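Coordinate inspection notes
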Amino acid sequence: MPVLCTEPNIAAPDDFYELLIALHRDLTHAQSELVNAKLVLLLANHIGDTAVLRAALAAARQDVAAPGAEA
Amino acid sequence: MKTYTNPVYAYRRSPDQDGTPARRPVVVVGAGPVGLAAAIDLAQSDVPVVVLDEDNTVSVGSRAICYAKRALEILDRLGCGERIVRKGVGWNVGKVFHRQELVYQFDLLPESGHRRPAFVNLQQYYLEEYLVDRVAELPAAEIRWENRVTGVRVRADHVALTVATPDGDYELHCDWLIVADGARSPVRTLLGLEADGQVFRDRFLIADIHMRTDFPPERWFWFDPPFHPNQSVLLHRQADDVWRVDFQLGWDADPEEEKKPERIGPRLRAMLGADADFDIEWASVYTFQCRRMRRFRHGRVIFAGDAAHVVSPFGARGANSGIQDTDNLVWKLRLVLEGLAPERLLDSYDVERSAAADENIANSTRSTDFITPKSAISRVFRDATLQLARRHPFARRLVNSGRLSVPRVHTESPLNTPDRRGEQFAGAMVPGAPAADAPVTGPGSSWLLDYLGQGFTLLSFGSAVAPPAAAALLRDRIPCRVLQVGGERDEDLIVVQDVAGLLAQRYDGKPGTCYLLRPDQIVCARWRSFDAAAVRAAIAHATAHD
Ligand SMILES: Cc1cc2nc3c(=O)[nH]c(=O)nc-3n(C[C@H](O)[C@H](O)[C@H](O)COP(=O)(O)OP(=O)(O)OC[C@H]3O[C@@H](n4cnc5c(N)ncnc54)[C@H](O)[C@@H]3O)c2cc1C
């Protein structure tokens, strides 16, 4: 059973984070949103497994309550 | 319209309009595609049927244009398929554009060895006209034009209707009422019933134009094209050099303004070129909805087609699914009328077609959400998908401008007999699946499906069923014909030959394999060896006798 890996898994985390921020340099907010969305789709396809994707979607929504919803 | 003149079907006074109310076994409200299909199916099996329609002609202007393979196969069984296919435009290639660029193209051409293609395009008025012509060939069916149902009273053993005509009102009684009076369904309202769901906050301009061009017969879909920025456009070819153009307008558009030729002309010229030569045949502005009734059967009143469920047109699931409704319903109703099945068999219509409606609504809602994103972030993901699709194959699978209308596989159906323990089958022909077609040679047609659909059929590979056993099945109260694949002819069997080997392949047929098919050509049981008692038990189960 594949599970979502939430333990450290990125080989060089600081390098990756820097690349991620650099990716958006010079972009407008709208362009950044587009690039982020493309990134999500590319990574989701790479993962492929529905159970892992569902777990990631749920983890992303954790601690983000819709306005008006009970915290 | 230049290319089509609506026929006028004359109102005729019926003897039922005089004296005490007549009692009919089945009345159908609505002579749209669905009501007409129901009437043909009933009359083909000698059930007398009266169709009431408030109008005196077929659809004014085209609505539905794409008929999918399964609907065409049903129309074949109803004796109309060939005429529709011959007049219509078959197509397999679809192209999707984003802004100026071709994002990808797809080919729906299924594997060969099927009689009917993925889709045939034909204006809805032709479809209806051909169905009306077919009704005229059947002595058991009668259409009463300019007969509007204005009152419905459900009684214990019948339904009483009030019908308004040019000669005034009359009352008509029936054992069973099939309601196929369209999305607004006055009968549904008269009975205080509702269809719940979602209205999409968007408007679409539908224009049918007559134009001679050398565009190929393909489905072209644009997201955000330069000639209609921020919205989508769809182009489809129909018969008689008529093209369907569908412009997304947005919620704020004024439907009355947008329908005017002086508004439509410039939109079309921006798209087709300043010197494009076309005539506008018909135009209309629509909003789309996805809604369904909670139950399709209310005692003796049974809803079908748009009256029971409506979907947005992306994916062509409206008329296509309505025709599958009546295909599912009519054999059950016939058995009930003949006293050969209990009334609860009709509840399986509700179970099966509700599941199909949910599937159609889910598909059509997903397409509509992609075409009409409801939020800013939904729009961002949509555009991200389209941008990725130009370079990366994975993203093309996510682009949704309408999915192919495919029939529901009724794996959940209460009428199915589960496979015997230990028996394995490859392929798609599970209990609940509509039978796949295949080329055959035999005493009649050269397509398998033409041999199925007159009652229950046992498709038997090899000579597992001895002729006397076949003769006995045919003499049962609910008869079952044996269709043998391969081997010699015998009086009690119909034998077809699997000329291309596709039957064995599609059904994983080995000597001894038997498939039981319902009158609507749906698999309801299968075995690796013949057992007459098991076949009888499966037929009893498929007719709600246990
Ligand atoms: C723009 C557009 C494009 C579409 N494209 C497709 C497509 O490509 N493929 C597809 O499969 N579907 C398509 N559809 C859907 C399709 O048109 C409908 O699903 C189909 O017409 C439904 O048939 P019906 O017989 O249930 O209802 P209708 O066609 O609406 O027929 C109802 C009939 O009932 C009659 N009636 C109504 N009230 C009464 C009354 N009180 N008494 C007597 N008679 C009455 C009416 O006169 C009418 O003839 C499209 C729809 C639209 C709007």
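This write-up is about the structure you can find in this document.

Quick word on helix H2 (residues 29–47) of chain A
In an α-helix there are 3.6 residues to a turn, and that puts residues three or four apart on one side. Under the 1.5 Å per step criterion, the end-to-end length of H2(A) is 27 Å for 19 residues, consistent within 8% with the ideal 27 Å. Along H2(A), the residues classified as buried are A:Ser32, A:Ala37 and A:Leu41. Contacts made by the buried residues of H2(A) are with helix H10 (376–391) and helix H11 (393–396) of chain B.

Side note on the packing of helix H9 (residues 345–371) of chain B against H10(B)
All names here are of chain B. At a closest axis distance of 9 Å, the pairing of H9 and H10 adopts a crossing angle of 90°. Between H9 and H10, the interaxial angle falls into the category roughly perpendicular. Contacts between H9 and H10 involve Asp369, Phe370 and Ile371 from the first element and Ser378, Arg382, Thr385 and Leu386 from the second. A per-class count over the contact of H9 with H10 returns 3 nonpolar, 2 polar and 2 charged.

Observations regarding the site of the ligand
Residues and elements named next belong to chain B. Near the ligand there are 31 residues, and of these Asp53, Arg63, Cys66, Asp306 and Asn320 occur at the shortest range. Here isoleucine 65 contributes a backbone N or O atom positioned 3.1 Å from an oxygen atom of the ligand. Within the contact set of the ligand, a nitrogen atom lies 3.0 Å away from a backbone nitrogen or oxygen of valine 149. Look at the ligand: alone it shows 1,000 Å² of surface, and the protein chains cover 90% of it. Contributions of two or more residues to the shell around the ligand are made by helix H1 (33–44), strand S9 (148–154) and helix H8 (318–337).

Focus on the sheet that holds strand S24 (residues 494–496) of chain B
All names here are of chain B. The sheet built from 5 strands is open, its strands ordered S24-S23-S22-S25-S26 with mixed pairing. Edge strands, defined here as strands with exactly one partner in the open sheet, are S24 and strand S26 (523–527). When the angles between neighbouring strand axes are averaged without regard to direction, this sheet yields 20°. With 4 bridges connecting them, strand S22 (residues 456–461) and strand S25 (residues 514–517) associate as antiparallel partners.

Re the environment of B:Tyr4
Residues and elements named next belong to chain B. Summarising the element assignment, tyrosine 4 is placed in the segment before strand S1 (22–29). Given the relative accessible area of 6%, tyrosine 4 is considered buried. Discounting chain neighbours no more than four positions away, the residues touching tyrosine 4 are Val58, Tyr125, Tyr126, Glu129 and Glu281. Only 2.6 Å separates the side chain of tyrosine 4 from the side chain of glutamate 129, close enough to count as a polar contact.

Conventions we followed
- In every chain, residue numbers begin from 1 and rise along the written sequence.
- Chains and ligands are labelled sequentially in the order written, the chains with letters from A and the ligands with numbers from 1.
- Confidence filtering applies because this is a predicted model: local features only for residues at pLDDT of at least 70, side-chain atom pairs given and counted only at 80 or more, and all residues used for totals across whole chains, interfaces and linings.
- For side-chain calculations, the full set of non-hydrogen atoms in the structure is used, while hydrogens and water are omitted.
- Numbering of helices and strands runs from the N terminus, with a helix taken as a DSSP run of H or I at least four residues long and a strand as a DSSP run of E at least two residues long.
- Each helix should span, by expectation, one fewer than its residue count multiplied by 1.5 Å.
- Relative accessibility under 20% of the residue-type maximum defines a buried residue, over 50% an exposed one, and the middle range a partly exposed one, all with a 1.4 Å probe and only protein chains included.
- Contact definition: two residues touch when any of their heavy atoms are within 4.5 Å.
- Angles here are taken between N-to-C directions and fall from 0 to 180 degrees, while the axes themselves are lines fitted to C-alpha atoms, restricted in helices to the stretch in contact.
- Roughly parallel means an angle under 35 degrees; roughly antiparallel, over 145; roughly perpendicular, 65 to 115; everything else is oblique.
- For this scheme, ten residues count as nonpolar: Ala, Val, Leu, Ile, Met, Phe, Trp, Tyr, Cys and Pro. Four count as charged, namely Asp, Glu, Lys and Arg, and the remainder, Gly too, count as polar.
- Proximity is defined per residue: any heavy atom of the residue falling within 4 Å of a molecule or strand makes that residue near it.
- For the purposes of these results, a polar contact is taken to be a pair of N or O atoms within 3.5 Å, where, inside protein, one atom must be able to donate a hydrogen and its partner to accept one; residues adjacent in sequence count only when each atom of the pair is a side-chain atom.
- Exposure was quantified through the Shrake-Rupley algorithm and a 1.4 Å probe, taking into account, for residues, occlusion by the shown protein chains and nothing else.
- Two strands are counted as paired when DSSP detects at least two bridges linking them.

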